[in-house]
Amino acid sequence: MAVEIAATGSGAPSESQVGAILAKHPAERSALIPILQEVQAKLGYLPEEAMCQVAEALGVPEANVYGVASFYAQFRFAPIGRKQVHVCRGTACHVGGAPKILAEVKERLGIGEGESTPDREYSLETVACIGCCALAPCAVVDGKVEAKLTPKKVRELFQGVQR
Amino acid sequence: MATISIDGTRVEATENRTVLQAALDAGIYIPHLCHHPDLKPVGMCRLCVVELEGRGIVASCEAAAQDGMKVLTDTPQVQKVRQVALELLLTNHDSNCLACAKNNDCGLQKVAAFIGVDEARFKQLRMLTPQYAIDDSNPFFRRDPNKCVLCGICVRTCAEIQGSAAIDYAFRGFATAISTLGNKPIAESKCQSCGECVVRCPTGALAPKETRKPSKEVLTTCTFCGVGCQLYLGARGGEIVSARGDRESPVNRGHLCVKGRFGYSFINSPERLKTPLIKKDGKFVAATWDEALDLITRKFAEYKGDQFAVMGSSRCTNEDNYVLMKFTRAVMGTNNVDNCARLCHAPTVTGLGASFGAGGGTNTIAEIPGADCLFIIGCNPTHAHPVVGMRIRAAVGNGAKLIVADPRRIELGDNATLSMTQKPGTDVALLMGMARVIYSEGLHNPQFIEERCDGFKEFVKAMEPFTLDFVEETTGVPREQVVEAARLYAKSDRALILWALGITEHSHGTDNVMALANLAMLTGNIGRPSCGAMPLRGQNNVQGACDLGVIPNAFHGYQKIADPAAIEKFEKAWDCKLSTSPGLGMVEQLQQTLTGKIKAYYLVGIDPAYSVSDANQVWEALRQAEFVVAQDIFLSGTAEFADVVLPATSFAEKDGTFTNLERRLQRIRKVIEPPGEAKADWWITCEIARRMGGKGFDYNDPSEILDEMGRLSSWFTGINFERLDAGGIQWPCPSTDHPGTPILHTERFATANGKGQLAPLVYRPPVDSADAEYPIILTTGRSLYHFHLAMTSKVPGLMALHPEELVWMHPKDARRLGIADGDKVKVSSEQGEVDVRAKVTKDMRPGTAYMTFHFYETPTNVLTHQKSLDPVSKTPEYKVTAIRIERV
């Protein structure tokens, strides 16, 4: 029975949460973005299984769901870390060596932009300016501005991080 | 018709053409990249801009050609716009053309050559190093985003033609790229490797990994299923190196699936048989043809008559099969000749034979998109007959209603108006239930029934027990769905039924087929375009093997052994005495080997050791047989049991004809020489026959065999090689000025009295049912990536895409048994057991499991049974086996 097959899941933990969100919306393509926003609000990011579940419910190809979601900066595809790292790439920081700082952060944490460490302790993003150009190059780590960074300072900041 | 002017030249544009199409039709080139004749226009690349008088610059691919339009294609303004568009593309394009697979065959090169490139204008902006990693994950083609021009042809092809929608645009601005879900490698996406995007990609962004260009191409027929796609096989240095679809063919219109396009490398396999082999002390030893044929001639002479049995090949040509059937009857003096249709569509032949008088599909593949309702039951066309699957999706795109009924959720369920998942083996209940709804709601066609059918009274009575209560209880399909299916089907003007082995491989397969024929007759959906009943035949020439008399009860054209006039006709034509004792089907042949009645076998291009149900019993029979000859292109699982193995030729190494599922005879043509000393099957059989003193086996060429077939059956009289060079012909074709018969039963049925026979069916449950010891029902099917066993297992790319057997099961069953996705499990039935890994999926219904049968290491058919054969067609019930699944 088709109905029964659709209703009994393989049991991804988020399945019922996504199902509850889908139930609030019409099963139409036009509901895609509001649904994705709610899914992210609930789960913190858009897991692949959740995108597949949304795709199936709306009758939209899953690659298309990803295409829409990846167009917007607001959607994340990896869970956010407990501590967020925002590396500034504004003009002043860029001139002050932001590329080296970013490379060092990536190296220390072993992740790329938009990714999280496997233990979900840290997640990494870049920002255009954090409004303290006098302290360039800088970054915000877990809500605290780290000023006049050097690769050495970055190493010290993340000392002891298990990659 | 619109008359437009292009650069002052008068051009006639046919209905609904765009300016770009009208120009291209008239042989006028306008540069373009995102336009493709098979796809809807999108106007994205901005290279096809033209100036329309009074409107200015427009994209010609989206502008409808209207009467009186004045089009200028090469003004300074046009040139400026397209030059900038081109420069922006070239800035981001990896332009190492000489090393590119698409060099000289590239849309971007063509556009650039026409528009002209002034590199100084964009040199500074140019990306110097490739920005993206190449996606090498697919075994057959490579994705290089550095060469992508974002025309979206691949995206649209995947969605509009193939129906997979595995890729789409993703990201934003400069980062925009074609991506799978999660930007994963293509091999981890929904991609089915059909390569339709690869052939349409205008640049080297999608290119086959086999980059050798052929030195010659030959038009032939694909060997991988009954659809009969026409393709050009490319050869170079004695090997096959390419395949491309024939866009002129009404069968496939250029489309191919993953096997047809990329699966040809089995032909070049080093494991091909190259010499005859004779088993000495349990080991195969290479032999000369003379040694092998002398031995066979001597042994076969000892086993003449009904102790001898022949299995012909649904993969070989009609000519191979005719000669084999003639040899069996005229030289060996027995009717024990059969082919693997016994294991698949024999119930279709017997069922349609009883209902309509002819065992062939009634309509053509090209009519599918014109249907307004498609009823698909017991088949999985997007995997087993992929090009038909594309046509079904095209029909849905045209607005057709799609009804799908299958115990497993199949891909086409996503496109369906209504999907039903019946319990395996309950089809008669479902179909008679639908018939009862149609009749009780007055949706039947009384005029058609009155004029063209017999047995209506009995049929009405027979429908009585099939109440919705009974149907729901028996099939597990909710009553509302049964009613909706009946209404959807009966209210459509052109409703077409398609089925395959989910209908036939049952202990009541013939009943199932007659139940489908009943529906078509009850509603008058037969004998007209885009309706009727089309069985999707499995192997490339299984239709032909049956048509050519490689069945126990008839000569070719279904001229019955039981008919004394037929016997007299063939005795005269073949100058011999013929046996009138009825022959055995292949399952019975094997069963009778165990009782000692059948002692010797000639097995041609068939692998019964792994394809017949209850494999343990089959192996025992083959071991007990006193003398077995296997003729094949590989040392198949069956050949291991043989005393002599003969090396045959593949479809690329011989001439002949295949008959596809729409009864269309099409040519296959020799492209390369066979490996070693391999010989064409017809030649080998004729050689044995001649050495045994058989008369009439002196053919120089397969065309002479086809001519003889035509002289002895009016179905083929009008068909010859010369006519087939102009395209396939559908039987019956009684004379050389007859066009062939695309639609059967237009005026009268082929039965003796010309009337369709409504069958008063009763429901008979399958033999096996779930019990405490074997609580799950196993049903079997085919994978997109395999064609049974020996051939595709020699294609590394196909093995990479589907490397091993899996047992599919529902999460509920898996949880109850403590089984996780990917776990190793033991599957056992009363017949045997096999260890495979589990695939846990909601595509199954609880209580039902599914396996394919493509792997020698894990032979699924040790599980299936021969407990009860379909009483008419003698086909085993592959689709319902009670099993147990345990973790190991």
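Here is what the cut-offs are and how they apply
- Residues numbered from 1 in each chain as written.
- Chains lettered and ligands numbered in written order.
- Predicted model: local features only at pLDDT ≥ 70, side-chain atom pairs only at ≥ 80, totals over all residues.
- Helix = DSSP H or I, 4+ residues; strand = E, 2+ residues; numbered from the N terminus.
- Rg over C-alpha atoms; globule rule 2.2 N^0.38 Å.
- Buried ≥ 20, exposed ≤ 12 C-beta atoms within 10 Å, placed from the backbone.
- Contact = placed C-beta atoms within 7 Å.
- pLDDT = per-residue confidence, 0-100.
- Domains from an automatic or database assignment.
- Nonpolar A, V, L, I, M, F, W, Y, C, P; charged D, E, K, R; others polar.
- Axes fitted to C-alpha atoms, helices over the stretch in contact; angles between N-to-C directions.
- Parallel < 35°, antiparallel > 145°, perpendicular 65-115°, else oblique.
- Left-handed = near helix turned anticlockwise from the far one by under 90°.
- Pairing = 2+ DSSP bridges.
- Core = buried A, V, L, I, M, F, W, Y, C linked by C-beta atoms within 7 Å.
- Expected span 1.5 Å × (residues − 1).
- Arc of directions from axis to C-beta.

> Requested: an account of the overall build of chain B, with residues and values cited.
Within chain B one finds 28 helices and 35 strands. For 888 residues, the compact-globule formula gives about 29 Å, and the C-alpha radius of gyration of chain B, at 29 Å, lands near that figure. C-alpha atoms of chain B, sized along the principal axes, occupy 85 × 70 × 65 Å. Across the 888 residues that make up chain B, the buried fraction comes to 59%. The long-range share in chain B, meaning contacts at least 24 apart out of those at least 6 apart in sequence, stands at 72%.

> Describe the overall build of chain A, naming the residues involved and giving the relevant values.
Helix and strand counts for chain A come out as eight helices and four strands. Helices and strands appear in chain A in the N-to-C order α-α-α-α-α-β-α-α-β-β-β-α. Its C-alpha atoms give chain A a radius of gyration of 19 Å, clearly above 15 Å, the size a compact globule of 163 residues would have. With the principal axes as the frame, chain A shows a C-alpha extent of 65 × 30 × 25 Å. Sequence-distant contacts in chain A: of pairs separated by 6 or more residues, those separated by 24 or more amount to 62%.

> How would you explain the confidence of the model for chain A if you had to name every residue and give the values?
Residue and element names in this part refer to chain A. Taken over all residues, the pLDDT of chain A has a mean of 88, while the share at 70 or more is 91%. Ranking the helices and strands of chain A by mean pLDDT puts helix H5 (residues 62-71) first, with 96, and helix H1 (residues 2-7) last, with 31. Scored below 50 in pLDDT, residues 1-11 makes 18 contacts in the model with residues more than four places away or belonging to other chains.

> Just give me the short version of the domain arrangement of chain B, but keep the residues and values in it.
Residues and elements named next belong to chain B. As far as domains go, chain B holds domain 1 (2-125), domain 2 (141-268), domain 3 (277-338 + 543-655 + 665-697), domain 4 (346-535) and domain 5 (776-887). Those elements giving two or more residues to the side of domain 4 that touches domain 5 turn out to be helix H9 (346-356), helix H10 (381-384), helix H17 (501-504) and helix H18 (509-522). For the side of domain 4 that touches domain 5, the class distribution of residues is six nonpolar, twelve polar and three charged.

> Could you give me a rundown of the packing of helix H3 (residues 32-43) of chain A against helix H4 (residues 48-58) of chain A, with the residues and numbers involved?
Residue and element names in this part refer to chain A. Two numbers describe how H3 lies on H4: the axes approach to 11 Å, and their chain directions differ by 150°. Compared by their axis directions, H3 and H4 come out roughly antiparallel. Read as a crossing pair, H3 and H4 show a hand that is right-handed. Contacts between H3 and H4 involve Leu-32, Ile-35, Leu-36, Val-39 and Leu-43 from the former and Ala-50, Val-54 and Leu-58 from the latter. The residue makeup of the contact of H3 with H4, split by class, is eight nonpolar, no polar and no charged.

> Got a sec to walk through the sheet that holds strand E1 (residues 83-88) of chain A? Specific residues and values, please.
The strands making up a sheet associate through hydrogen bonds between their backbones, and the pairing can be parallel or antiparallel. Residue and element names in this part refer to chain A. Read across the open sheet, the four strands follow the order E2-E1-E3-E4; overall the sheet is mixed. With one partner strand each, in any of the chains shown, strand E2 (122-127) and strand E4 (144-146) form the two edges of the open sheet. Taking each pair of neighbouring strands and ignoring which way they run, the sheet shows an average axis angle of 25°. Of the strand pairs in this sheet, strand E3 (residues 139-141) and E4 are connected by three bridges, and their pairing is antiparallel.

> Can you break down the interface of chain B and chain A residue by residue, with the values?
Facing 23 residues of chain B, the contacting portion of chain A comprises 18 residues. Elements with a contribution of two residues or more to the side of chain B that touches chain A: strand E7 (168-170) and helix H28 (811-817) of chain B. Split by residue class, the side of chain B that touches chain A holds eleven nonpolar, six polar and six charged.

> Go over the pairing of strand E34 (residues 848-851) of chain B with me, naming the residues and quoting the values.
All names here are of chain B. Burial along E34 is two-sided: the face carrying Thr-848 and Tyr-850 and the face carrying Ala-849 and Met-851 are both buried. Taken together, the four bridges between strand E30 (residues 776-780) and E34 define a ladder with parallel strand orientation. When the sheet's bridge partners are listed, Thr-780 is paired in E34 with Met-851.

> Account for the sheet that holds strand E27 (residues 664-668) of chain B, with residues named and values stated.
Residues and elements named next belong to chain B. Reading across the sheet, the three strands line up as E26-E27-E28 and stay open at both edges, with antiparallel pairing between neighbours. Of all the strands in the sheet, just strand E26 (656-659) and strand E28 (729-730) have a single pairing partner and so form its edges. Pairing between E26 and E27: four bridges, direction antiparallel. The residue of E27 that forms the bridge with Thr-657 is Arg-667. Packing of helix H8 (residues 318-331) onto the sheet brings it into contact with E26 and E27, and relative to E26 it is tilted by some 95°.

> Explain the nonpolar core residue by residue, including any values.
B:Leu374, B:Ile376, B:Ile403, B:Met434, B:Tyr489 and B:Leu516 are the most contacted members of the largest nonpolar core, which has 298 residues in total. Ignoring anything within four residues of it in the chain, the contact list for B:Ile376 reads B:Pro381, B:Ile392, B:Leu402, B:Ile403, B:Val404, B:Leu412 and B:Leu498.

> Give a description of helix H7 (residues 98-109) of chain A that names residues and reports values.
Residue and element names in this part refer to chain A. With twelve residues, H7 extends 16 Å from end C-alpha to end C-alpha; this agrees with the ideal 16 Å at 1.5 Å per step. Among the residues making up H7, those that are buried are Ala-98, Ile-101, Leu-102, Glu-104, Val-105, Arg-108 and Leu-109. Buried residues along H7 cover an arc of 160° about the axis, so they all sit on one side. Among the structural elements, E1, helix H6 (91-95), E2, E3 and helix H8 (151-157) are those in contact with the buried residues of H7. Downstream of H7 by one or two residues, Gly-110 has phi in the positive range, about 70°.

> Please provide a residue-by-residue account of the environment of B:Pro846, values included.
Residues and elements named next belong to chain B. Take Pro-846: it is sitting in the loop between strand E33 (833-840) and E34. It is 48 Å that separates the C-alpha atoms of Pro-846 and Gly-43, two residues lying 803 residues apart in sequence. Not counting residues within four places of it along the chain, the set of residues in contact with Pro-846 comprises His-810, Lys-812 and Asp-813.

> Could you give me a rundown of the domain arrangement of chain A, with the residues and numbers involved?
On domain assignment, one finds that chain A holds domain 1 (9-71) and domain 2 (83-157). Between the C-alpha centres of domain 1 of chain A and domain 2 of chain A the distance comes to 31 Å.

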